[in-house]
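# Analysis of the macromolecular model
Here are the chains, one letter per residue:
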Amino acid sequence: MSVLTINKLTESVGAEVLGVDSDRLASDDALGAAVLHALEDNGVLVFPGLGLNPEAQVAFCGRLGEIDHSSDGHHRVAGIYPVTLDKSKNASADYLRATFDWHIDGCTPVGDTVPQMATVLSAKHVAQSGGETEFANSYAAYDALSDAEKKRYGSLRVVHSLEASQRRVTPDPAPEVLAKWRSRRTHTHPLVWTHRSGRKSLVLGASADYVVGLDREEGTALLAELLDRATLPGRVYSHTWSVGDTVIWDNRGVLHRAAPYDPDSPREMLRTTVLGDEPIR
Ligand SMILES: [Fe+2]
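A brief look at the structure comes next. (Residues numbered from 1 in each chain as written. Predicted model: local features only at pLDDT ≥ 70, side-chain atom pairs only at ≥ 80, totals over all residues. Heavy atoms only, no water.)

## Looking at the sheet that holds strand β1 (residues 5-8)
Let me state the cut-off plainly: In this analysis, strands are considered paired if DSSP registers two or more bridges between them. Only DSSP runs of H or I reaching four residues or more are called helices, and only runs of E reaching two or more are called strands; each is numbered from the N terminus. For helices, the axis comes from a line fit to the C-alpha atoms of the stretch in contact; other axes are also lines fit to C-alpha atoms, and the angle between any two N-to-C directions lies between 0 and 180 degrees.
Pairing in this open sheet of seven strands is mixed, and the strands run β1-β2-β3-β13-β5-β15-β4 from one edge to the other. Edge positions in the sheet fall to β1 and β4 (81-83), since each has one partner strand and no second. Shown here is a sheet whose adjacent strand axes are inclined to one another by a mean of 25 degrees, direction ignored. Summarising the sheet, strand β5 (residues 118-125) and strand β13 (residues 246-250) pair through five bridges and their orientation is antiparallel. Residue pairing in the sheet places Ala118 in a bridge with Asp250 of β13.

## Observations regarding the pattern of salt bridges
Between side chains of opposite charge, a pair can form when the charged atoms approach closely. Heads up, the condition is: We define a salt bridge as a contact between a side-chain nitrogen of Lys or Arg and a carboxyl oxygen of Asp or Glu at a distance within 4 Å. When accessible area is computed with a 1.4 Å probe and restricted to protein chains, residues below 20% of their type maximum are described as buried, those above 50% as exposed, and intermediate ones as partly exposed.
Applying the stated criterion across every chain, the model contains 14 salt bridges. Among the ionic pairs, Arg185 bridges to Asp112, the shortest N-O distance being 2.2 Å. With Arg185 in the loop between α7 (175-183) and β8 (187-190) and Asp112 in the loop between β4 and β5, this pair connects stretches of sequence that are 73 residues apart. Assessed through its relative accessible area of 38%, Arg185 is described here as partly exposed. Judged by relative accessible area, Asp112 falls into the exposed class, the value being 66%. Glu163 serves as the salt-bridge partner of Arg182, at 2.8 Å between the closest nitrogen and oxygen. Remark: Glu163 occurs in helix α6 (residues 162-169) and Arg182 occurs in helix α7; sequence separation between them is 19 residues. Judged by relative accessible area, which is 51%, Arg182 ranks as exposed.

Such coordinate-based values are descriptive only and should not be taken to indicate function.
Laid out in structure tokens, this is it:
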């Protein structure tokens, strides 16, 4: 029997985990494996009102895998990164505006790292309105394709760039801003990711710039259509945050975005990222 009590939130993505408290998450060895298993099955796990403190969050994430420390220095606890539009708390707040578009974390890393395996967010302050986090299952997006589409798209490759995601929110960048975006190298990923598990998912989202070998417009239209289908309202779980909620999602099989909120709102999420070890191929 599973050590977790799981309630599915929608048919294709998301489940609520009940009956665990933050002490157990930070200290129970058996929970790490159970959470990873439930995450693979559900894409997103919601722990309502968990009240996980930053140290316990990092301890819990350490049970899931290796923690990403590349964004350390913005919070007193190593492994915690504050997600907020408040520039006094996060000097890179402008970049976060791109998170209002559907994306997969880690498609355009600085070096050659593979996408983060999981992202954990805990709500410290919430927006008065808006600011939900929305999720869609990218395995289900592949599974919903027709056989002909699966065949046709199986060999396509897509170029992803930081510029593509940033241009959606800043279409007219100053030359120095553009130069900074372009200093981040682009990454070419297959449209269909064949995972070690044998499952397949679509690699879509804001960082997807163009399809290799297709006419630019045709490729853009295809990416937009596939993203639209993947994120139809019936296929999305939207999490409305309460202070103390913790949500974890699996970047290998989930697209996500934040719903817009007032930039002056106090919304602040504490993020910890668990590194991945599975390249997109
Ligand atoms: Fe993200």
